[in-house]
Amino acid sequence: MPPPTGPDQDPTLGSLRTERRRLLNLGYRMLGSVQDAEDVVQETYARWYALPEEKQRSIEVPLAWLTRVASRICLDQLASARVRRERYTGEWLPEPVRHGATWTSTGEDAGGDDPADRITLDESVSMGMLVVLDSVTPAERVAFVLHDVFGVPFAEIAETVGRSSAACRQLAASARRRLADQRPGGSTAQEHRRVVSAFRAACETGDLDALVALLDPAVESRSDGGGKVRAALRPIVGRDKVARLFLGLMRREPEVELVDEDVNGTPGVVVNIHGTTFAVLAAEVRDGLITDLWLVVNPDKLHAWTA
């Protein structure tokens, strides 16, 4: 990583911050984990500083070089992640991130921390988007994220994934189709917030009928406990089952508090027990109904809320 110097000491500090933030955002969209994204940034800069100075000077656009190296590291990690997740206990969900505060995987808060530590929140980091991206091939994900999110030309992507420009164009198009198939339509931010707030209120009051009315008939609820916290190992499907699941959770924990808070840039719910965050809930809303619920209870993925 670049050494921590002040603006008066290093005229390139602003450039380094811009680079680091771009790489962190790239890594998170590729891997769905802040910790893994930080590791990618560390490894990318380690490779840069391992280059002889003459080689560094010969690279006309360092950011393009850094982006290419970081993407290759992500591609390797995505391939190995599939093997690791076969051994993961229950469902694997992306690590949720908070609103635009500055924070890292260690859970250190925002205050005046380096803006390079921020994850930029937009549609490309919504939980629904990341879940679908986790179902495409590593090469498709890299091609889509680089081109559609970061605007990297296919000719440069070809150097990263080791395929032709035309092949990379097809990879991105395939990922795009998968996203369109699994995330048709959508809701406005206002409607999403209204539905999620109504869901929270129905859970708090124990109103089964009101809760069922907010859920799509084929709604799916997925929970990620990582084997460290009790959670459903398989998706719960159907509005009645999902409604009874959440009301049952509320009955078991009388000290539970539900708080509306943005999760990955869209309205979600934070579950606190005795003042400590126990879970983070993200939702997909279409046509005024909740179609998907993602409940992250694995404490290793809640550092942003539990610091």
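For the structure, check the block above.
Everything numeric in this text was worked out from a predicted model, so none of it was measured. (Residues numbered from 1 in each chain as written. Predicted model: local features only at pLDDT ≥ 70, side-chain atom pairs only at ≥ 80, totals over all residues. Heavy atoms only, no water.)

Peer 1: Would you mind going over the packing of aromatic side chains with me for this structure?
Peer 2: The geometry of two aromatic rings is summed up by the distance between their centres and the angle between their planes. This model, assessed by the stated rule, comprises three aromatic pairs. Residues Trp 48 and Trp 65 carry aromatic rings whose centres are separated by 5.3 Å and whose planes lie at 65° to one another, so their mutual orientation is edge-to-face. In this pair, Trp 48 is assigned in helix α2 (residues 34–50) and Trp 65 in helix α4 (residues 62–86), connecting sequence segments 17 residues apart. Each member of the pair, Trp 48 as well as Trp 65, is classed as buried. Aromatic pair Phe 199 and Phe 246: ring centres 5.4 Å apart, planes at 80°, arrangement edge-to-face. Residue Phe 199 is found in helix α9 (residues 189–205), and its partner Phe 246 is found in helix α11 (residues 239–252); the two are separated by 47 residues along the sequence. A residue is classified by how much of its surface remains accessible, and Phe 199, at 3% relative accessible area, is buried. Between Arg 85 and the ring centre of Trp 92, over which it is positioned, the NZ or CZ distance is 3.5 Å. (Phe/Tyr/Trp six-rings, centres within 6.5 Å; stacked < 30°, edge-to-face > 60°. Helix = DSSP H or I, 4+ residues; strand = E, 2+ residues; numbered from the N terminus. Buried < 20%, exposed > 50% of the residue type's maximum accessible area, 1.4 Å probe, protein only. Lys NZ or Arg CZ within 6 Å of the ring centre and 35° of its normal.)

Peer 1: Is there a simple way to explain the pattern of salt bridges in this structure?
Peer 2: Here the idea is simple: oppositely charged side chains can pair when their charged atoms come close. Taken as a whole, this structure holds 17 salt bridges when the rule is applied. Salt-bridge contacts for Glu 91 lead to Arg 222; the nearest nitrogen and oxygen are separated by 3.2 Å. Placement of Glu 91 in the loop between α4 and α5 (127–133) and of Arg 222 in strand β1 (residues 215–224) is noted, with a sequence separation of 131 residues between them. You can call Arg 222 partly exposed: its relative accessible area is 23%. Put simply, Asp 224 and Lys 301 hold a salt bridge, and the shortest N to O gap is 2.6 Å. Here the residue Asp 224 occupies a position in strand β1, and Lys 301 occupies one in the loop between β6 (289–296) and α12 (303–306), the gap between them amounting to 77 residues. (Salt bridge = Lys/Arg side-chain N within 4 Å of Asp/Glu carboxyl O.)

Peer 1: I would appreciate a short explanation of the pairing of β6 in the present structure.
Peer 2: The side chains of a regular strand alternate, first on one face of the sheet and then on the other. Along β6, seven of the eight residues are buried, which leaves the element largely enclosed by surrounding structure. Direction of pairing for β1 relative to β6: parallel, over a ladder of six bridges. Its bridge partner lying in β6, Glu 220 is registered against Asp 292. The turn linking strand β5 (residues 276–286) back onto β6 is made up of two residues, and Asp 287 within it adopts a positive phi angle of 55°. (Pairing = 2+ DSSP bridges.)

Peer 1: Help me out: how do you make sense of α11 in this one?
Peer 2: Because each turn of an α-helix spans 3.6 residues, side chains separated by three or four positions end up pointing in the same direction. With 14 residues, α11 should reach 20 Å at 1.5 Å per residue; the first-to-last C-alpha distance of 20 Å fits that figure. Along α11, the residues that are buried comprise Val 242, Ala 243, Phe 246, Leu 247, Gly 248 and Met 250. (Expected span 1.5 Å × (residues − 1).)

Peer 1: In this structure, what is going on with the sheet that holds strand β2 (residues 236–237)? I would like to understand it.
Peer 2: Neighbouring strands of a sheet are bound in pairs by backbone hydrogen bonds; such pairs are parallel or else antiparallel. The strand order β2-β1-β6-β5-β4-β3 describes an open sheet built from six strands, whose pairing is mixed. The open sheet has two edge strands with one neighbour each: β2 and β3 (256–263). Packing of α9 onto the sheet brings it into contact with β1, β3, β4 (266–273), β5 and β6, and relative to β4 it is tilted by some 25°. (Contact = heavy atoms within 4.5 Å. Axes fitted to C-alpha atoms, helices over the stretch in contact; angles between N-to-C directions.)

Peer 1: Mind showing me how you'd approach α2 here?
Peer 2: Compared with the 24 Å implied by 1.5 Å per residue over 17 residues, the 24 Å span of α2 between its first and last C-alpha is a close match. Where α2 is concerned, the buried positions are Val 34, Ala 37, Glu 38, Val 40, Val 41, Thr 44, Tyr 45 and Trp 48. Within α2, the buried residues cover an arc of 155° as seen down the axis, which keeps them to one side. Where α2 starts, the residue carrying a side-chain oxygen 3.5 Å from the main-chain nitrogen of Gln 35 turns out to be Ser 33. (Arc of directions from axis to C-beta. Polar contact = N/O pair within 3.5 Å; in protein donor to acceptor, adjacent residues only side chain to side chain.)

Peer 1: Looking at this structure, how should I read the packing of helix α6 (residues 138–149) against helix α8 (residues 165–182)?
Peer 2: Think of two packed helices as two axes; the pair is described by the angle between the axes and how far apart they sit. Where α6 meets α8, the closest approach of the two axes is 8 Å, and the angle between their N-to-C directions is 90°. Comparing their axes, α8 and α6 come out roughly perpendicular. Contact with α6, carried on its side by Ala 139, Glu 140, Ala 143, Phe 144, His 147 and Asp 148, involves Cys 168, Leu 171, Ala 172, Ser 174, Ala 175, Arg 176 and Leu 179 of α8 and no other residues of that element. Residues belonging to the contact of α6 with α8 are distributed by class as follows: eight nonpolar, two polar and three charged. (Parallel < 35°, antiparallel > 145°, perpendicular 65-115°, else oblique. Nonpolar A, V, L, I, M, F, W, Y, C, P; charged D, E, K, R; others polar.)

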